[in-house]
Amino acid sequence: MSQTGLKHRASQGTPEAELKQQLVDCIRMLEQADIIDYNGHASIRLDDNRILINIGSCQRSRLTVDDICTIDLEANQLEGKGNAPLERHLHCGIYRVRPEVKAIVHAHPKWSTYLTMVGESYLPVYAQGSLVYPVPLLDSPNSINNRVMADRLAATLGDRPAALMKSHGAVTVGKDIVEAFVLANYMEENASRQYMALQIGKPYPFNEEEVRLCREKLWNENLFKRTWDHFHAKLG
Ligand SMILES: [Zn+2]
C-alpha cells in the first residue's frame, strides 16, 4: 500500500481492494478524531447498485477490510462477515438520488449535535467550516433505519455536501472518500469553535463574500488531500 493509501482519487477504475482499504483508513481516522465512536459509518459507491460499508458491530479503532461488507441500493446485504448497520438506509437513500455522490460519512459527533439540540444554527466561524455552509437540518432525531426516513433525509440534504440531524448527528457526502472525510472534519471543527466562542460571546459569522472567497481558495483537491494526509499520518 502507498504511504497514504491514496494512489487514486476517484473510485472509478480503482480496484475494490484499494477502495476497501481507503474506507477502513477513513473510519479509523474518524474514530481517532473523536467524530465516530461505537456507532457511525462510512461508505463508498462501487457501481450503480453496490455500496461498500462497515459492518455495524465492528471496532472502529481497529477496523480491517474484513469489517467491510457490500449492500445494494435497496439496503439488502450482498456480501460480508457481519451485518451492515441499521442506518445503512441513510447511505442508500442518498446514493439513489445523487448519482455524483461516491462516498458518505455518517456520525453522531458531539459539537455539531450540541448546536442542533438547542436550535443554534451552524454558522461559518472559521475558513474551512464555510465549505459546508449553509447546512440544512433534518427536523427529527429519529434513526435513519428505514426507507421513509432515508428519503426524508435525502430530500433535506438536497444538492448540498452536508446536513445535520436534530439531536442525532451529521452526514457529509463527496465525489470520493477523501472529500466526505475532510468535510466531516471541517464541519465538526467549525461546530466546536462555534460552541466554544458562544461561551464567551457572540461569534463572528463569515459574511457571504467571505464565504465565497473561502470556497474559491479552499475547495481544492490538493488541500483536501493534505487534510487527509495529516490525519492518515497519525494512524501509524
Ligand atoms: Zn445515526
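Counting from 1, residues in each chain are numbered in the order their sequence is written. In view of the model being predicted, local features appear only for residues whose pLDDT reaches at least 70, and side-chain atom pairs are presented and counted only at 80 or more, with totals across whole chains, interfaces and linings using the full set of residues. Just so you know, side-chain values use all the structure's heavy atoms and leave hydrogens and water out.

A. Structural detail: the packing of aromatic side chains. A pair of aromatic rings is counted whenever rings of Phe, Tyr or Trp (Trp by its six-membered ring) have centres within 6.5 Å, and the orientation is called stacked for planes under 30 degrees apart, edge-to-face for over 60 and tilted otherwise. Taken as a whole and assessed by the stated rule, the structure comprises 8 aromatic pairs. Ring pairing ties together the aromatic residues W111, Y114 and Y195, which thus form one cluster.

B. Region of interest: the packing of helix α1 (residues 16-32) against helix α7 (residues 221-233). Where α1 contacts α7, the axes come no closer than 9 Å and their chain directions differ by 75°. Put simply, α1 runs roughly perpendicular to α7. Across from Q22, D25, C26, M29 and Q32 in α1, the residues of α7 making contact are W228, F231 and H232. Lines fitted to C-alpha atoms define the axes, with helix axes restricted to the stretch in contact, and inter-axis angles between N-to-C directions lie between 0 and 180 degrees. By definition, any uninterrupted DSSP run of H or I lasting at least four residues is a helix, any uninterrupted run of E lasting at least two residues is a strand, and each is numbered from the N terminus. Orientation is classified from the angle alone, with under 35 degrees giving roughly parallel, over 145 giving roughly antiparallel, 65 to 115 giving roughly perpendicular, and any other angle giving oblique. Note on definitions: a residue-residue contact is assigned when non-hydrogen atoms from the two residues lie within 4.5 Å.

C. Looking closely at the sheet that holds strand β7 (residues 162-165). Strand order across the open sheet formed by 8 strands is β4-β3-β2-β1-β5-β8-β7-β6, with mixed pairing between neighbours. Looking along the sheet, the strands with just one partner apiece sit at the ends: β4 (77-79) and β6 (137-138). In this scheme, strands are said to pair when DSSP sees at least two bridges between them. Inspection of the sheet shows strand β1 (residues 41-47) paired to strand β5 (residues 103-107) by 4 bridges, in the antiparallel sense. The residue bridging I44 from the neighbouring strand is A103, located in β5.

D. Just helix α5 (residues 177-200), in detail. Here the expected span of a helix is defined as 1.5 Å times the quantity of residues minus one. A rise of 1.5 Å per residue sets the reference length of α5, with its 24 residues, at 34 Å; its end C-alpha atoms lie 36 Å apart and thus fit the reference within 8%. Under this definition, polar contacts are N or O atom pairs within 3.5 Å; protein pairs additionally need one hydrogen-donor-capable and one acceptor-capable atom, and for neighbouring residues in sequence, both atoms have to be side-chain atoms. The residue sitting at the N-terminus of α5 and contributing the capping side-chain oxygen is D176; that oxygen lies 3.2 Å from the backbone nitrogen of V178.

E. Main features of the layout of surface pockets. Of the two site types, the cavity is a set of points on a 1 Å grid over the protein atoms alone where a 1.4 Å probe fits but cannot get out, and the pocket is an open set with protein on both sides within 12 Å along at least five of seven lines, each lined by residues with an atom within 4 Å of a point. Grid points are joined across faces, edges and corners, and a volume is the space filled by probe spheres set on the points. By volume, the largest pocket is sized at about 240 Å³. Along its surface, the largest pocket is lined by 14 residues, and Y126, N185, E188, E189 and F231 are the ones closest to its centre. Counting residues per element, the ones that place at least two in the lining of the largest pocket are α3 (110-117), α5 and α7. Among the elements that make up the lining of the largest pocket, the one with the highest residue count is α5 (5 residues). Classification used: nonpolar for Ala, Val, Leu, Ile, Met, Phe, Trp, Tyr, Cys and Pro, charged for Asp, Glu, Lys and Arg, polar for all others including Gly. Residues belonging to the lining of the largest pocket are distributed by class as follows: 6 nonpolar, 4 polar and 4 charged. In this structure, the second largest pocket encloses a volume near 150 Å³. Taken together, L115, T116, G119, E120, S121, Y122, Y133, P134, V135, L137 and L164 form the lining of the second largest pocket. In the lining of the second largest pocket, the residues fall into 7 nonpolar, 3 polar and 1 charged.

F. Structural context of the coordination of the zinc ion. For Na, K and Ca the donor cutoff is 3.2 Å, while for all other metals N, O and S atoms count as donors only within 2.8 Å; water does not appear among the atoms, so some sites may look incomplete. Coordination of the zinc ion by the protein comes from E87 (OE), H106 (NE2), H108 (NE2) and H168 (NE2), over a distance range of 2.0 to 2.1 Å. Seen from the zinc ion, its 4 donor atoms lie at angles of 95 to 130°, and the figure they make is tetrahedral. Here the donor residues for the zinc ion map to a single chain with the spacing E-x18-H-x1-H-x59-H. Of this pair, E87 sits in the loop between β4 and α2 (88-97) while H108 sits in the loop between β5 and α3; the two residues are 21 residues apart in sequence, bridging distant segments of the chain. For every residue, the accessible area obtained with a 1.4 Å probe (protein chains only) is divided by the maximum for its type, and the residue is called buried under 20%, exposed over 50%, and partly exposed between those limits. A residue is classified by how much of its surface remains accessible, and E87, at 7% relative accessible area, is buried. Think of it this way: with four donors and all angles in the 85 to 135 degree range, the site is tetrahedral; with four or six donors, opposite ones beyond 155 degrees and the rest between 65 and 115, it is square planar or octahedral; otherwise it is irregular.

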